[in-house]
Amino acid sequence: MHNMQLFLPCAAGVEDLLAQEVHRLTGLAGESLLVARAGVSVRADWTQAMKLNLHLRLAQRVLVLLSHTPYRGEDDLYRAAADVPWETWFTPRQSFKIETTSQASPLKSLNFATLRIKDAIADRFRDRAGGVRPDIETQRPDVRVFAHLDAEHLSLYIDTSGEPLFKRGWRVDKGDAPLKETLAAAMLAASGWWNPETGAVSDQPLYDPCCGSGTIVIEAAQIAAGMAAGAQRRFGFEKLLAFRAADWAALREQAAAMVRPASAAPSVFGSDVSHRMVDFAERNAERAGVADRVSLRGGDALQRMPPAEGGVILLNPPYGERIEVGGVAGAGAAGPGRRGPRAGRETAQVEPGTDPLGADGADFFARLAAHWKKSFAGWTAWVLTPDMKLPSRMRLKESRRVPMWNGPIECRLFKFQLQAGSFRGQAGTAPTPAAPAAD
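In this text, all values refer to a predicted model and were calculated from it rather than measured experimentally. (Residues numbered from 1 in each chain as written. Predicted model: local features only at pLDDT ≥ 70, side-chain atom pairs only at ≥ 80, totals over all residues. Heavy atoms only, no water.)

### Quick notes on helix α4 (residues 110-128)
For α4, built from 19 residues, the straight-helix expectation of 27 Å at 1.5 Å per residue is met to within 8% by its first-to-last C-alpha distance of 28 Å. The secondary structure elements touched by the buried residues of α4 are α3 (74-82), β5 (96-102), β6 (143-149) and β7 (153-159). Gly130 sits one or two residues past α4 and shows a positive phi near 65°. (Helix = DSSP H or I, 4+ residues; strand = E, 2+ residues; numbered from the N terminus. Expected span 1.5 Å × (residues − 1). Contact = heavy atoms within 4.5 Å.)

### Considering the packing of helix α2 (residues 46-55) against helix α7 (residues 245-257)
Relative to each other, α2 and α7 sit at 40°, their axes nearing to 10 Å. For the element pair α2 / α7, the angle class is oblique. The interaxial crossing formed by α2 with α7 has right-handed handedness. Contact residues: α2 offers Thr47, Met50, Lys51, Leu54 and His55, while α7 offers Asp247, Trp248, Leu251, Arg252 and Ala255. Tallied by class, residues from the contact of α2 with α7 come to five nonpolar, two polar and three charged. (Axes fitted to C-alpha atoms, helices over the stretch in contact; angles between N-to-C directions. Parallel < 35°, antiparallel > 145°, perpendicular 65-115°, else oblique. Left-handed = near helix turned anticlockwise from the far one by under 90°. Nonpolar A, V, L, I, M, F, W, Y, C, P; charged D, E, K, R; others polar.)

### Regarding α2
Given 3.6 residues per turn, any residue in an α-helix points the same way as the ones three and four places further on. In terms of residue burial, α2 counts as a mostly covered element, since seven of its ten residues are buried. When we look at burial in α2, the residues that qualify are Trp46, Ala49, Met50, Leu52, Asn53, Leu54 and His55. As for α2, its buried residues are in contact with β1 (4-9), α1 (15-26) and α7. Measuring from the backbone nitrogen of Thr47 back to the side-chain oxygen at the start of α2 gives 3.2 Å, which picks out Asp45 as the cap. (Buried < 20%, exposed > 50% of the residue type's maximum accessible area, 1.4 Å probe, protein only. Polar contact = N/O pair within 3.5 Å; in protein donor to acceptor, adjacent residues only side chain to side chain.)

### Some words on the nonpolar core
As a rule of thumb, nonpolar side chains are buried together in soluble globular proteins. By size, the foremost hydrophobic cluster in this structure holds 97 residues, and its most contacted members are Leu6 and Leu8. With eight residues, the single largest contributor to this core is helix α5 (residues 181-191). Once residues within four sequence positions are removed from consideration, Leu6 is found in contact with Val40, Ser41, Val42, Ala44, Ala49, Leu52, Val62, Leu63 and Val64. Judged by nonpolar contacts, the second largest core, of 22 residues, contains Phe376, Val383, Phe416 and Leu418. (Core = buried A, V, L, I, M, F, W, Y, C linked by side-chain atoms within 4.5 Å.)

### Topic: the pairing of strand β3 (residues 39-44)
With five of its six residues buried, β3 lies for the most part within the structure. Two strands pair when backbone bridges link them, and β1 and β3 are joined in this way by six bridges, in the antiparallel orientation. Bridge assignment links Leu8 to a residue of β3, and that residue is Val40. Here strand β2 (residues 33-36) runs beside β3; their pairing, made up of four bridges, is antiparallel. If you follow Leu33 over to β3, its bridge partner there is Val42. The turn linking β2 back onto β3 is made up of two residues, and Ala38 within it adopts a positive phi angle of 60°. (Pairing = 2+ DSSP bridges.)

Laid out in structure tokens, this is it:
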């Protein structure tokens, strides 16, 4: 299958970084590689589609566009889906699932639209396979079909990924609200520690003081090692008729040959106040093949000292929940009978209209900034947060802010150059408001 039109969805704000990664992996450019809204459009062949699934760290899926047609009602959806040669992609003995999304669609029922598309696919198989129709399976389908409705057009895709690409295959132990691996990779790229266009990584040490189950540090270690993101998982294309095992085996062998040997001393560090989460991170690192490439420790983020001489701090700190700090610094901050934010936890949800941090959270980040000023001078810190006022709360001046989305939560990745010296406000006084910065 040559000259296929692929769409690679990604988180909003990551499109340009994803385009750079695709260019590095395929060499595609110009009209064959176009940045779109919340994704990248690629014209590629079947082998390149498999390769993108294997290596991409920033995309959510690799979808093949099969049809793009105008519509006005549900009957138009049926006709469009019935015209697609589904039998060239899978058999009536396989199960499938349809996932439908819409933007500004005039149709009143997305469920009914999905039903009409499902009927068209099943009827086409029935008419061409002696009455045999594929089954619908919503949990573990053999094949996934994606339908997107805008105001005037229906786009139909067949999915080659299966499970979303952020599921790398190594994370079994996790916290309550783990950071997705694709977002961790985006943070690494936006910070400059990893260059998705060249594949190069910084020679500076990387440290996550709130590492949770280890997403950021493991993602960083795999990137530094040259490991393919999907080397430990299966893909949806393995159940499609175009799949050829020999071609896939060759791609996997090429990826395995690119893995670099581990250095004597790890340059990727993580710590967490919860020793249970550190245990999770260690087991995940073992499954990910990077146990000897990362250094993981327990400890309160308000007390841990630098693991190396200068480097990059990258963290997705706790927000949206008030969880007691399991350490001396945290206990002192929360006070008797109070609950404060835990100094080491992956992302939690934020209720609309609420302060992402709360009073206890603001106190924690002020103390964290004080600790960084005292002990991490010369380091660069990047903090992902939904709190747009975090710099003023920390009494630090950001040198950059990068818009990012953590699922449905709008966030900013703030960059702070850490230098020993005075804060923008003295302890016990209101901090100076942060100067406005353009996104």
